Amino acid sequence: MKRILFAALAAALLTSCAKEKVEIRGVEDLATAKIGVQIGTTGETWVQENLPDANLNSFKTVMDAAMDLRNGAIDAIVIDELPAKAVVAKNPDLMILSSGSFSREEYAIAVKKGNPEMLEAINTAIRKARADGTYDKLLAAFMPIDGKIVIPDIPAPDGERTIRLGTNAAFPPFEYVEGNEIVGFDISMGRYIAADSGAKLEVMDMAFDSLIPALVSDSIDFIAAGMTATDERRKNVDFSDTYYESEQVIIIRK
């Protein structure tokens, strides 16, 4: 009898300690959920502004958030569409919610305020890349239909001049680490911009929320990091023409 009572008590305790499963079917279910985001991203800002009662958990990288989602510490991740696809490709027990995307955004390259020469050089290179087919080739290289990314070779010009690109290499396919090298759509676009200006490119990896302070302090010359051109950021930096449009999606456990 005592054994039966003990077993029943143990079962009750286990049940009470088990994590309650939160069903996420759409944006409306995020209101009181435990949400993971990457620090400094549009996803973090969107949750802060639109879901004041949600339990917000900010991570250094989206892969860190994915680990907590897998083990049940959070209920969902809010992140840009393409990085979300990279996350679920590496974590087959996760999925992008099929109920649709939200919060459209525009990626642009940031330069320090009061540097019109750099801004014009970047805009000129973006327009030229679109006109000569380079932009489409980069899209096909880093966002291929078959999923097989091929890193394009963009030769650096001769000479000593170097410009410094600041990024956060934790946002595939825009910037990430491959072996010992930082690669991605933004990095290749940065090499094209530098080459068009007759310069080599130095890539500097840092935390996403350190990028704008680094630009303001002249530690870097421009930012290419899947950065959304928001009004808040425009107070501190100038943005180039839009080079990519994205949107936020929700990642959940299957």
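Owing to the predicted nature of the structure, the values given are computational and were not obtained by experimental measurement.

K.L.:
Describe the sheet that holds strand E6 (residues 110–112), naming the residues involved and giving the relevant values.
P.N.:
Overall, mixed pairing links the five strands, which are arranged E10-E7-E11-E6-E12 in an open sheet. For this open sheet the edge positions go to strand E10 (200–205) and strand E12 (237–239), each flanked by a neighbour on one side alone. Where strand E7 (residues 162–167) lies against E10, six bridges are found, and the strand directions are parallel. By the bridge assignment, Gly166 is partnered in E10 with Met204. Packed onto the sheet, helix H5 (residues 116–132) meets E6, E7, strand E11 (222–223) and E12 and runs at close to 160 degrees relative to E6. In the packing of helix H7 (residues 185–196) onto the sheet, contacts are made with E7, E10 and E11, and the angle to E10 comes to roughly 145 degrees.

K.L.:
Account for the confidence of the model for the protein chain, naming residues and giving values.
P.N.:
Per-residue pLDDT for the protein chain averages 90, and the proportion of residues at 70 or more is 91%. pLDDT under 50 marks residues 1–19. Its contacts with residues more than four places away, or in other chains, come to three contacts.

K.L.:
Before we move on, could you go through unusual backbone geometry and cite the residues and values that matter?
P.N.:
For the peptide bond that leads from Pro172 to Pro173, omega is 5 degrees, which places it in the cis range. Take Pro173: it is sitting in the loop between E7 and strand E8 (176–178). A positive phi angle is found at Ser103, which is not glycine, with a value near 55 degrees. With a phi angle near 70 degrees, Asp218 is a residue other than glycine that sits in the positive phi range.

How each quantity is defined
- Residues numbered from 1 in each chain as written.
- Predicted model: local features only at pLDDT ≥ 70, side-chain atom pairs only at ≥ 80, totals over all residues.
- Heavy atoms only, no water.
- Pairing = 2+ DSSP bridges.
- Helix = DSSP H or I, 4+ residues; strand = E, 2+ residues; numbered from the N terminus.
- Contact = heavy atoms within 4.5 Å.
- Axes fitted to C-alpha atoms, helices over the stretch in contact; angles between N-to-C directions.
- pLDDT = per-residue confidence, 0-100.

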